[in-house]
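If you want the building blocks of each chain, they are given just below.
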Amino acid sequence: MESEFEVIGKVCDGQALFEQAMRLKPDVIVTDISMPILNGIEAADRLKESGCNSRIVFLTVHSDTEFVRRCLSAGAFGYVPKSRIANELVPAIRAALEGNIFVSQHLPHANEG
């Protein structure tokens, strides 16, 4: 992964995510839902409202279908459970870069609704 992608920033909370994304304008943002100050969904909503073109991939422990829906409605291009990081994060990032949505098949009821 290191040779294929360049990590240009790391943050510890949703407010820092928003600020750094607006400053660095990364192609893809990999984030979690559970973060202090702003959660990942709130940060994604703010980025979308601010015209940020970065594509967001959520990497999270949350597997509830409602979280998947909320993330996708916030503009996410990917949703990967942390338990699937080794097999699905890189394909999710690649899909996001191509403008495609990637939702893990390993979520309960991920493809319903």
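Described in the following lines is the structure provided in the data block.

About the thresholds
- Residues numbered from 1 in each chain as written.
- Predicted model: local features only at pLDDT ≥ 70, side-chain atom pairs only at ≥ 80, totals over all residues.
- Heavy atoms only, no water.
- Buried < 20%, exposed > 50% of the residue type's maximum accessible area, 1.4 Å probe, protein only.
- Helix = DSSP H or I, 4+ residues; strand = E, 2+ residues; numbered from the N terminus.
- Arc of directions from axis to C-beta.
- Contact = heavy atoms within 4.5 Å.
- Polar contact = N/O pair within 3.5 Å; in protein donor to acceptor, adjacent residues only side chain to side chain.
- Phe/Tyr/Trp six-rings, centres within 6.5 Å; stacked < 30°, edge-to-face > 60°.
- Lys NZ or Arg CZ within 6 Å of the ring centre and 35° of its normal.

## Some remarks on helix α2 (residues 40–49)
- When α2 is considered as a whole, its buried residues turn out to be G40, I41, A43, A44 and L47. Burial along α2 is one-sided: seen end-on, the buried residues are contained in an arc of 160°.
- Considering only its buried residues, α2 is in contact with α1 (14–24), β1 (28–31), β2 (55–60) and α3 (65–73).
- Measuring from the backbone nitrogen of I41 back to the side-chain oxygen at the start of α2 gives 2.9 Å, which picks out N39 as the cap.

## A short note on the packing of aromatic side chains
- Tallied over the entire structure, the rule returns zero aromatic pairs.
- Its end group placed over the ring of F77, R55 keeps NZ or CZ at 5.0 Å from the ring centre.

## A few points about the environment of G99
- Here G99 lies in the loop between α4 (85–97) and β4 (102–103).
- A sequence separation of 22 residues divides G99 from F77, and the C-alpha atoms of the two residues are 7.4 Å apart.
- Excluding anything up to four places from it in sequence, G99 contacts R55 and F77.

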